[in-house]
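# Tertiary structure, described
Here's the letter readout for the chains.
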Amino acid sequence: MARKKKIENEAVNPLAENVHIQGAGTIKDEGITQTLKSNYMPYAMSVILSRAIPEIDGFKPSHRKLLYTMYNMGLLQGGTVKSANIVGRTMQLNPHGDASIYETMIRLARGNESLLYPFVESKGNFGKAYSKNMMYAASRYTEAKLSPISKELFEDINKDTVDFVDNYDNTMKEPTLLPVTFPSILCNVTTGIAVGMASSIASFNLGEICDTTVALIKNPDHDISETLPAPDFVGGGYVVYDKEELDRIYKTGRGSIKIRAKYSYDKSYSCIDITQIPPTTTCEAIIDKIVELVKTNKVKELSDLRDETDLKGLRITLDLKRGVDPDALMTKLYKMTPLEDTFSCNFNVLIKGYPKVLGVKDILDEWVDFRLECIRRRTQFTLNKKQEKLHLLQGLDKILLDIDKAIKIIRNTEAESDVVPNLMIGFGIDKFQAEYVAEIKLRHLNREYILKRTKDIEDLKKDIEELQGILDSKNRQKKIIIKELDEVKKKYSGERKSQILYEVEEFDSSAESEIPDYPVTLFITKEGYLNKIRTANLRMSGEQKVKEGDEVDKTFDCSNKDELLVFSDKGQVYKAKVDDFPDSKASQLGVYVPVKLEMEQDEKVAYICVIREYVGYMLFVFENGKVAKVDITAYQTKTNRKKLLKAYSLKSPLACCEYIEQDKEFVLCSTSGRMLILNTGALTPKTSKDTIGVSVMTQKKNHKIESMHEYVEGEFEKAWRFRTKNLPAAGALPSSGDNAAQISF
């Protein structure tokens, strides 16, 4: 399919007349695939190759440009300098703006705690990777320099170990890669999102990586899991050991690693201190999730939660209720919160300009090949320098045979330009050697000086022979790599920060502790507030507190293990457990049920009943005189659904409803004044929740049923007047004697 691209008809300059643009007004047919190829593909390739995917030295271009700038500023030694100064200098290589450069420095800095082996020493507030609220200070307030391990990134960079290219404006040179002396690609977490692909590389302990690389150099069939047990993360925590998954990551570069937070229990204060969390989350995300679980009553073991993070480091404190098992609680929180999180691995690396997803062994093999090339180029560079020096000294050595002759040639040469050719002829040396001799000062033309300069000829010959031997032997080059890796390990490696958890206790929801069973009293108000008070504490409580204009409508004595059915005016029922509502006091208003059960904005509570066992019926009395008798088992569900639709019929407005465990007699009251005694046994129960019911009490025009209450013997003087053998019935108007009986009752 082709799209038509229309070029604007005219481009008129208001300051000029009769301006014409070649091709203006023509319509060009161009295939959509061709447009994507010409417009989008260059952008996609730029993102992949020059922005998001790291190369074999472990760096993206933005990181490399920043570190190389700091190296040129001499920040491997001495004190720190203002970050703004570093950012400004880096813009000579990176034209993408100071904000992005500074953010790159933040992540590389020790103070941010993003990297297991940071390359930048920081001074000032660099924020924290584990907190989204702890933001870093502006670049004018902070200072930085290169960390000691950064020396390993630039070792022999000036000895032609890597290629250099022009920067974006061709004013200076920058390296395409850094000649790192250890596999930094696997020593720090690196993530990036490109176009159509991404990269996510886990970090490993430097000592373990060096040992693994050395073992692979000595034996290509080495099992890397023997020397590389698991990744290691800057935030510490526990790495959940999964042999099968780790082997898959080591082999393919894809997989996932579970990381758990680390905690300690303070028995004296009955609290849990969480001090290390997974690198994929933040302390705010963890706290927000725990708060959500507490609000929804899924976690009831906590009495308080605080973020006590300070200059000493991260700390989230959980205060426990009496008798709570801290280990069992943490096992539960691991399952329900980001305290246990997954690090997804996608070891996508640029190898010679091509993105490849490689396993750990393949990455190390590629790094060894890269490092071998660096050593070969460094050796060749040093060899060339020594050969040049040897060549010059050999020319000087020939002068030693007859210094007077050299002086005579120079003195007797009339033209300055003829000095070098005459020396070449007189001593049989080449132009470079003659130039070197000609530049020697007059006072240096003595035997002592020349002997001092030529005594190193034999040493140079030995060095050249040694260097040539290295170039000719790949095994000797590998031995150099092994030696350098051992030195790096000795200098910079430390203990693992992430402990390996070989045996893991998983949270089992079915084995969760049972709901405590104790008697409670529920107070339900007309506006929909529910207050739960332990019956044992009720005697010590005063009068139930309610909002102004509200009053207690119903009171239930039940168990904390019972269930609630909450019917709304929208024809829906919400299920909850009494235990879902917190224990309260008479001095408190209680919980607003519509909010607790997440009802719709304009939805209100119509009726609440307590269910111990699903035995009995629900009676729905509608204003049109119909009554529906629904078996309560229709509301019983095997799943933990909280909301059931079509709980009752909405074809006629609901006048009232009632839950009964067995058949009873009720009195239906109409706005016409008539009353009818209904024995619910006369109604056939239905299993369809939204049944419209059967006609029970006929209504005259403009009248409706307004209420229902349970019949009490003696309520009417002549009760037979209000009973009927057949339904529907109109009911009867109470007499003066019936009214008196009701009043006395």
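Residues numbered from 1 in each chain as written. Predicted model: local features only at pLDDT ≥ 70, side-chain atom pairs only at ≥ 80, totals over all residues. Heavy atoms only, no water.

The topology assignment puts Ser199 in strand β9 (residues 198-201). In this structure the side chain of Ser199 is engaged in a polar contact, spanning 2.9 Å, whose partner is the backbone oxygen of Asn348. In this view, Ser199 contacts Ile53, Pro54, Thr190, Thr191, Gly192, Asn346 and Asn348; residues no more than four positions away in its chain are not counted. (Helix = DSSP H or I, 4+ residues; strand = E, 2+ residues; numbered from the N terminus. Polar contact = N/O pair within 3.5 Å; in protein donor to acceptor, adjacent residues only side chain to side chain. Contact = heavy atoms within 4.5 Å.)

Turning our eyes to something else, we now look at the sheet that holds strand β25 (residues 591-592). Strand order across the open sheet formed by four strands is β22-β20-β21-β25, with antiparallel pairing between neighbours. Among the strands making up the open sheet, the edge pair consists of β22 (552-559) and β25. Examined bridge by bridge, strand β20 (residues 519-525) and strand β21 (residues 529-534) share five bridges and lie antiparallel to one another. When the bridges of β21 are listed, Ile524 appears paired with Leu530. (Pairing = 2+ DSSP bridges.)

Another aspect to go through is the pairing of strand β11 (residues 254-260). With two bridges joining them, strand β10 (residues 238-240) and β11 adopt antiparallel strand pairing. Bridge pairing in β11 links Tyr238 to Arg260.

On to the packing of aromatic side chains, then. All told, the structure shown has 18 aromatic pairs when counted by the stated rule. When the centroid spacing of 5.8 Å and the interplanar angle of 50 degrees are considered together, the rings of Tyr40 and Tyr43 count as tilted. Of this pair, Tyr40 and Tyr43 both sit in helix α1 (residues 32-52), three residues apart, which is roughly one turn of that helix. What makes Tyr43 partly exposed here is its relative accessible area of 42%. Relative to Tyr136, the ring of Tyr102 has its centre 5.5 Å away and its plane inclined at 85 degrees; by these criteria the two rings are edge-to-face. (Phe/Tyr/Trp six-rings, centres within 6.5 Å; stacked < 30°, edge-to-face > 60°. Buried < 20%, exposed > 50% of the residue type's maximum accessible area, 1.4 Å probe, protein only.)

Once that is clear, we can look at unusual backbone geometry. Cis geometry marks the peptide bond from Leu727 to Pro728; its omega dihedral reads 0 degrees. Mapped onto the secondary structure, Pro728 falls in the loop between β34 (705-710) and α17 (736-744). The residue Glu113 is not glycine, and still its phi comes out positive at about 60 degrees. Within the secondary structure, Glu113 sits in the loop between α4 (98-108) and β4 (120-123). Taking relative accessible area as the criterion, Glu113 reaches 33% and is therefore assigned partly exposed.

Inspection of every chain in the model, using the stated rule, returns 39 salt bridges. A salt bridge links Arg371 to Glu484, with the nearest nitrogen and oxygen atoms 3.0 Å apart. Note that Arg371 is positioned in helix α9 (residues 360-400) and Glu484 in helix α15 (residues 474-492), a separation of 113 residues in sequence. Given a relative accessible area of 13%, Glu484 falls into the buried group. Across the pair Glu373 and Arg376 runs a salt bridge whose closest N-O atoms are separated by 2.9 Å. On the criterion of helical spacing, the pair formed by Glu373 and Arg376 is a turn pair, its members being three residues apart in helix α9. (Salt bridge = Lys/Arg side-chain N within 4 Å of Asp/Glu carboxyl O.)

So, about the sheet that holds strand β13 (residues 271-276). With respect to topology, four strands assemble into an open sheet ordered β12-β13-β15-β14, the strand pairing being antiparallel. Lying at the two open borders of the sheet, with one neighbouring strand each, are β12 (262-266) and β14 (302-307). For this sheet the average axis-to-axis angle between neighbouring strands, irrespective of direction, equals 20 degrees. Where β13 and strand β15 (residues 316-320) come together, four bridges link them in antiparallel fashion. Bridge pairing links Asp273 to Thr317 in β15. (Axes fitted to C-alpha atoms, helices over the stretch in contact; angles between N-to-C directions.)

A few words now on the nonpolar core. One recurring pattern in soluble globular proteins: nonpolar side chains tend to sit buried together. Leu186 and Phe347 are the most contacted members of the largest nonpolar core, which totals 80 residues. Among the elements that take part in this core, α9 stands out by supplying nine residues, more than any other. Sequence-distant contacts of Phe347, that is, excluding residues within four places in its chain, are made with Leu186, Ser200, Ile201, Ala202, Phe204, Ile249, Gly253, Lys356, Val357, Leu358, Val360 and Ile363. If you look at the next biggest cluster of nonpolar residues, it comprises 26 residues, including Leu390, Leu396, Ile399 and Leu423. (Core = buried A, V, L, I, M, F, W, Y, C linked by side-chain atoms within 4.5 Å.)

Moving on, we get to the packing of helix α11 (residues 419-427) against helix α12 (residues 431-438). It is the contact of α11 with α12, at a shortest axis distance of 9 Å, that shows an interaxial angle of 115 degrees. In terms of their interaxial angle, α11 and α12 are classed as roughly perpendicular. Between α11 and α12 lies a crossing of right-handed hand. Of the residues in α12, those touching α11 at Val419, Val420, Leu423 and Met424 are Lys431, Ala434, Glu435, Val437 and Ala438. Grouping the constituent residues of the contact of α11 with α12 by class yields seven nonpolar, no polar and two charged. (Parallel < 35°, antiparallel > 145°, perpendicular 65-115°, else oblique. Left-handed = near helix turned anticlockwise from the far one by under 90°. Nonpolar A, V, L, I, M, F, W, Y, C, P; charged D, E, K, R; others polar.)

Further remarks concern the environment of Leu678. When you line up the elements, Leu678 lands in strand β32 (residues 675-679). With a relative accessible area of 2%, Leu678 lands in the buried category. For the pair Leu678 and Thr69, spaced 609 residues apart in the sequence, the C-alpha separation amounts to 92 Å. Look past the residues within four positions of Leu678 in its chain and what remains in contact with it is Val627, Lys664, Glu665, Phe666, Leu668, Leu683, Val696 and Leu727.

In this section: the state of the cysteines. Under the defined criterion, the tally for this structure stands at zero disulfides. Cys374 takes part in no disulfide bond, and the closest cysteine sulfur, belonging to Cys210, lies 16 Å away. (Disulfide = S-S within 2.5 Å.)

What follows concerns the side chain of Thr181. For Thr181, the location among the structural elements is in the loop between β7 (173-175) and β8 (190-193). Polar side-chain contacts of Thr181 include one of 2.6 Å to the side chain of Glu152. Look past the residues within four positions of Thr181 in its chain and what remains in contact with it is Glu152, Glu155, Trp367, Arg371, Glu484, Leu485 and Val488.

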